[in-house]
There are 2 protein chains.
Amino acid sequence: MDADSQQLLARLLRTQRLAALGTLRDSAPSVSMIGFSSFQDLSSVFILASRLAYHTQDILKDPRCSLMIAETDRGEREPQNLARVTLRGEATPVHEEDPQYDEARKCFLKKFPESGFLFELGDFSLYRITPKTGRFVAGVGRTFNISVEDLRRVSTLTD
Amino acid sequence: MDADSQQLLARLLRTQRLAALGTLRDSAPSVSMIGFSSFQDLSSVFILASRLAYHTQDILKDPRCSLMIAETDRGEREPQNLARVTLRGEATPVHEEDPQYDEARKCFLKKFPESGFLFELGDFSLYRITPKTGRFVAGVGRTFNISVEDLRRVSTLTD
């Protein structure tokens, strides 16, 4: 992946706050919207999800999922030129006794400072998604398969 | 579904041009970005996809898919207040000999007037997604399962 694309991927993951979450519902795809945050090194992505939501019921049955994070469409450019990344992995609950719980909670609240009250509601829990594989489209003809190592590498880039 | 939510759903499907497309890749979810257009009555949604893209390879193996269309996040409101709709169905190629091909092509070009050249490229084809079930989140506490009939009904609403 060229340096410009790496920079673009780093910025995309750092600045966007919403992802499309793909889960399995009766073995078929279902996509919903979710807020996400990630550790600085991009090794883990966190979502805060309500047990009442279909996507949470889905991942509790089958943890395989996918997140797609796209550049905001402001209607100014052709869609195929918008950067977007697909991450694939599994979602697992992060319980309060998890050694990463405090850091994950802090990391989530940093991105969503007004979501604190959701942690107090009984039906909301943090889930960790550990990306295993990914695909990044930086623009037309600039598509890359990405690995965990690529994510780690771009996470060290500064703007 | 209340009248305000119906209006919101109609507007969302009419004004947004991009969707998150969920497909099955090795039986697991994968989400990508795609442009979409739909017939006026919302009975069919169309995407123009390249055989080189992973999502196209996925739907050619297993047509089950999901589209999620969300209100643009301008960072002004809490994410849970953004309207979004999940549609689930199957994607089938619309070949040139298909009776709906001309109408589908016209409908796609109306939304993406600069995509005409893609129809000339050998690897791009139109696919029809016929929604079977759906779920609409109009905002906090305003979540609705939606049917084909609901889609048809909201399609008749004017702004």
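Refer to the preceding data block for the structure.
Residues numbered from 1 in each chain as written. Chains lettered and ligands numbered in written order. Predicted model: local features only at pLDDT ≥ 70, side-chain atom pairs only at ≥ 80, totals over all residues.

### A short note on the nonpolar core
Logical step 1: Formed by 76 residues in total, the largest nonpolar core has its most connected members in L67 of chain A together with L67 of chain B.
Logical step 2: Setting aside chain neighbours within four positions, we find L67 of chain A in contact with A19, L21, F36, V45, L87 and I129 of chain A together with V31 of chain B. (Core = buried A, V, L, I, M, F, W, Y, C linked by C-beta atoms within 7 Å. Buried ≥ 20, exposed ≤ 12 C-beta atoms within 10 Å, placed from the backbone. Contact = placed C-beta atoms within 7 Å.)

### Observations regarding the relation of the copies chain B and chain A
Logical step 1: When chain B is fitted to chain A, the residual RMSD is 0.0 Å, and the transformation amounts to a turn of 180° plus an axial shift of 0.0 Å. Such values leave the two copies arranged in the relation of a two-fold axis. (Least-squares fit on C-alpha atoms with pLDDT ≥ 70 in both.)

### Here we look at the interface of chain B and chain A
Logical step 1: On the chain A side, the residues contacting the 30 residues of chain B number 30 residues.
Logical step 2: Looking at the side of chain B that touches chain A, the elements with two or more residues in it are β1 (18-25), β2 (28-35), β5 (64-70) and β6 (84-94) of chain B.
Logical step 3: Among the elements that line the side of chain B that touches chain A, the one with the most residues is β2 of chain B, at seven residues.
Logical step 4: For the side of chain B that touches chain A, a count of residues per class yields 14 nonpolar, eight polar and eight charged. (Helix = DSSP H or I, 4+ residues; strand = E, 2+ residues; numbered from the N terminus. Nonpolar A, V, L, I, M, F, W, Y, C, P; charged D, E, K, R; others polar.)

### Some thoughts on the pairing of strand β3 (residues 45-50) of chain A
Residue and element names in this part refer to chain A.
Logical step 1: Across the six residues that make up β3, a large majority, five, are buried.
Logical step 2: Bridging between strand β2 (residues 28-38) and β3 involves three bridges; their strand directions are antiparallel. Bridging from a neighbouring strand, S37 pairs with F46 of β3.
Logical step 3: In this structure, the hairpin formed by β2 and β3 is closed by a connection of six residues, where L42 is found at a positive phi of approximately 60°. (Pairing = 2+ DSSP bridges.)

### What to know about helix α2 (residues 54-61) of chain A
Logical step 1: Buried residues of α2 of chain A: H55, T56, D58 and I59 of chain A, and no others. Viewed end-on, α2 of chain A has its buried residues packed into an arc of 155°, placing them on one side of the element. (Arc of directions from axis to C-beta.)

### What about unusual backbone geometry?
Logical step 1: At D26 of chain A, a residue that is not glycine, the phi angle is positive and equals roughly 50°.
Logical step 2: Relative to the helices and strands, D26 of chain A is located in the loop between β1 (18-25) and β2.

By themselves these figures say nothing about function.
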